[in-house]
Structure formats: C-alpha cells, structure tokens
Amino acid sequence: MGVTEAEAGRDAREDLGQVLGRGRMRGALAMLGPAFIAAIAYVDPGNFSTNIGAGAEFGYALVWVVVLANLMAMPVQFLSAKIGVVTGKTLPEVCRDRHTRPVRWGLWLQAEIVAMSTDLAEFVGAALGLYLLFGIPMVPAALITAVIAFALLGLQARGFRPFERAIAGLLLLIIAGFAYQLLRIGVEPAQAIAGLVPSLPAGSAYLAVGIVGATVMPHVVYLHSALTSRRVAVSTDDDRRKVLRFERWDVVIALGLAGLINLSMLVMAAKLFHSSGNTGISSIEDAHAGLATFAGGTAALVFAVALLASGISSSSVGTFAGQVVMAGFINFRIPLLLRRLITMTPALVVIVLGMNPTDVLNFSQVVLSFGIPFALIPLLLVTRDRSVMGDFANPRWLTAVMTAITTLIIGLNAYLLYDQFLG
C-alpha cells in the first residue's frame, strides 16, 4: 500500500461545475478540506510541549509569538495550495523541474530530516497520550500508535474524502478539548493582551523558536500543494480563480482554528501554572498531573485524549507528506509501510533509551524551525515566477510579505544560535 501525491486526488476528478452544482452550501463544503489536513500539523504534540512550556515558565510573554506564527502560516499555506491549483503539480515536483540534480537531492535530504523530526514529536506525543490515558508503557504505546496511524492512512484507499473527514473529526475533538479547558480554567484577558507586545524574556528564545517550528511546519508546506493539485478538475483560469477563493477560506478557517488551539494551550498554562507560581512545569506529564491537581480529573482526561488525537492524526499526515516529498523531489516511491518503519525508528530509539519525552519534543520543534527556510524559499521563488504561475504569480506586496516572513524566521533561528552559544 502506498499513497502518493497522484493517488491523493485520483478520485477527485470531478468537474468544478459538478461540485458547485450540488447547491450553495453543499458545494462550498465539498470544496473545503485540504487546509484541515494541513492544520493538524499545526496542533501536533510539539505544539502541546512548546506552548504549555512557554505559558508555564514565561506566562503570557510569548503570546505574540503564537499569534505571529499562526498569522505567518496562513499566506504560506495558501501559496502552497495555489501552486497545486494553478500548475497541477506539487511544490517538490515543480522544484524537480527547476533545479539541478544536486539541488533536488539536497532539498530532499533535508526534507527527510524534517520528516523524521516530525515523526519524532508525533510518535512520542501519541505514545505519551496512551500512557497517560491507560498506563500503557511507552514502547508498546508507540507500536500501537504506528498501527492506528497506518490504519488511518488506509482510508486513502477509499479516496481523499474519508481521510479528510477523519482528520477533520480528530481536529474538532482537539478543539472541543481545549474549549473545555478554557471554560474550566478561564483566562486573564488584560495579561493576554499585554502578551501581544513583542518581547523575549531571558531564556525564552529556545521556546520561542520551538513555537515557530511547531507552527509553520515545513512538511505541510510541501503537502498542501499535493492536496490541491488534482483534487478538482479545472480547465480555465476562471475555474482556477473560483477554486482559489475557496482555498483562501479553507486556509483562514482551518488555520484560524488551529491558532486558537495553540493560543488556548499557552494561556491555559499561564493562568493555571505560571500565575500560581508553578513555573517549574516542564513536561507534558507535569502538565497532565497539574491539571488533575488544580482543575480536576476531567480536565486531565480531556487533555490526554486531545494529545492522543493530535499524535495519531499528525503522524498520519506526516507520513503522507513524506511520500509527497520523496516522489516529488527525486521521483522515487517506497511502500508506505517501509516509510512508516523508517521514519518511526528514531522515535522508538528515543523511547527505548528512556529520554525525557518533553525535551525530545522541544528539540524536534527547533530542528523543524531550521528546516522552514528550505521550504519557504522555493515556495517564494516559484509563486513569484510568471513562467510557472502565469497571471497567478504573486503581486509585489505578497512577495514582500513572504520575504519578510522568511527573513524573520531565519533571524529567529540565528538569534537562537547566538543565545545558546554566544549569549
């Protein structure tokens, strides 16, 4: 069984007119979906770790980082979706057409490192969710996670819509979980608003970069173009404009929801832990225990369920993205089961060695942050190129926005290196 970017849309070759002909509401809903799959990567276990750690240790000081990271993600994901709609290809496929063999292989190798870092966070997080819920030891919990994630990917055999619905359902479960937490714990509005003012308290750079890496995920920049490349049959530029209008709303709604989840994680930890002086909450296990102590057993249970849903769903999406990356950059495919085994190996090694899960999660997100520019720079160069995008090439203002986003992320990474080694 193997899922490729071509297979992702093989049953989606409905004509745009047919889809929209189902009625205004049904047609619009049928056009939504790709961004919800991408959004799962924005609320993976790495987000739990970095957001909760930031809220517990620094209170509301890094609210601005969460908000900025999610705002930056929206144009990034929309441009990836636009490549798929306009060219009918994925971003890695376009890069393969544009670049020499050494460049293509270099981009692929760093993308595989990113994929392993992604799997590291998602497997460890899902295994931790099973451990917190049922007391299952981490090694068998990781193996159970692999089986469940693989079964979820098996929905692709029925077409893209069952997979989209399953992922959207898990996203809604996570949303419901954190909505409950906010209602149960509350928030301090004045302090949360004050956290919108940019600042980096001493020692916060590592978590700030981790938040960015956990939010603007490199692998879903590649994946989103695959999700839209062959989803709906379009033959004219007018059709493409109509599809892009739906894609824009898809991104705003899905990533807006993901942003609210991320923000709720941080403000929950700030209110419950930091404001009460429990700034030493440094792990997901500590956060789970703290929720049970300060907010009750139901809050702790809801948290563990949301963590498990996050890990399983994001692991499936990450494996899917890995297939897209390999097929696109180097035109090579391996069976999905083999890819699953390869990318989960580092996570199993970490679990067997008994390393601290939260430290591993935070480190993996920093690795992801350093991988973001390798996805954003090709994205920027492709979407501004009229020879590829035609009339859909970025206007100057959008190119300026993307340049600023890319520069800011590179700057944050450079600041982290300075802070860790020279500061």
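Residues numbered from 1 in each chain as written. Predicted model: local features only at pLDDT ≥ 70, side-chain atom pairs only at ≥ 80, totals over all residues. Heavy atoms only, no water.

A word on the packing of helix H13 (residues 237-274) against helix H14 (residues 284-294). Where H13 contacts H14, the two axes come as close as 11 Å, and the packing angle between them is 65°. Here the hand of the crossing between H13 and H14 comes out left-handed. In contact with Met268, Leu272 and Phe273 of H13, H14 contributes Ala287, Gly290, Leu291 and Phe294. Class assignment for the residues of the contact of H13 with H14 results in six nonpolar, one polar and no charged. (Axes fitted to C-alpha atoms, helices over the stretch in contact; angles between N-to-C directions. Helix = DSSP H or I, 4+ residues; strand = E, 2+ residues; numbered from the N terminus. Left-handed = near helix turned anticlockwise from the far one by under 90°. Contact = heavy atoms within 4.5 Å. Nonpolar A, V, L, I, M, F, W, Y, C, P; charged D, E, K, R; others polar.)

Attention now moves to the side chain of His288. Along the chain, His288 turns up in helix H14. With sequence-adjacent residues up to four places away left out, His288 is seen in contact with Leu132, Ala300, Phe303 and Ala304.

Going through the model one piece at a time under the given rule, you end up with five aromatic pairs. Arranged with centres 5.3 Å apart and planes meeting at 70°, the rings of Phe48 and Phe178 form a pair that is edge-to-face. Of the two residues, Phe48 sits in helix H4 (residues 45-58) while Phe178 sits in helix H9 (residues 160-185), which places them 130 residues apart along the sequence. Each member of the pair, Phe48 together with Phe178, is buried. These aromatic residues form a ring-pair network of at least three members: Phe48, Phe178 and Phe303. (Phe/Tyr/Trp six-rings, centres within 6.5 Å; stacked < 30°, edge-to-face > 60°. Buried < 20%, exposed > 50% of the residue type's maximum accessible area, 1.4 Å probe, protein only.)

Per the stated rule, a full pass over the model turns up five salt bridges. Linking Asp238 and Arg241 is a salt bridge whose minimum nitrogen-to-oxygen distance equals 3.5 Å. One end of the pair is Asp238 and the other is Arg241, both in helix H13 and three residues apart, which spans about a single turn. Judged by relative accessible area, which is 35%, Arg241 ranks as partly exposed. (Salt bridge = Lys/Arg side-chain N within 4 Å of Asp/Glu carboxyl O.)

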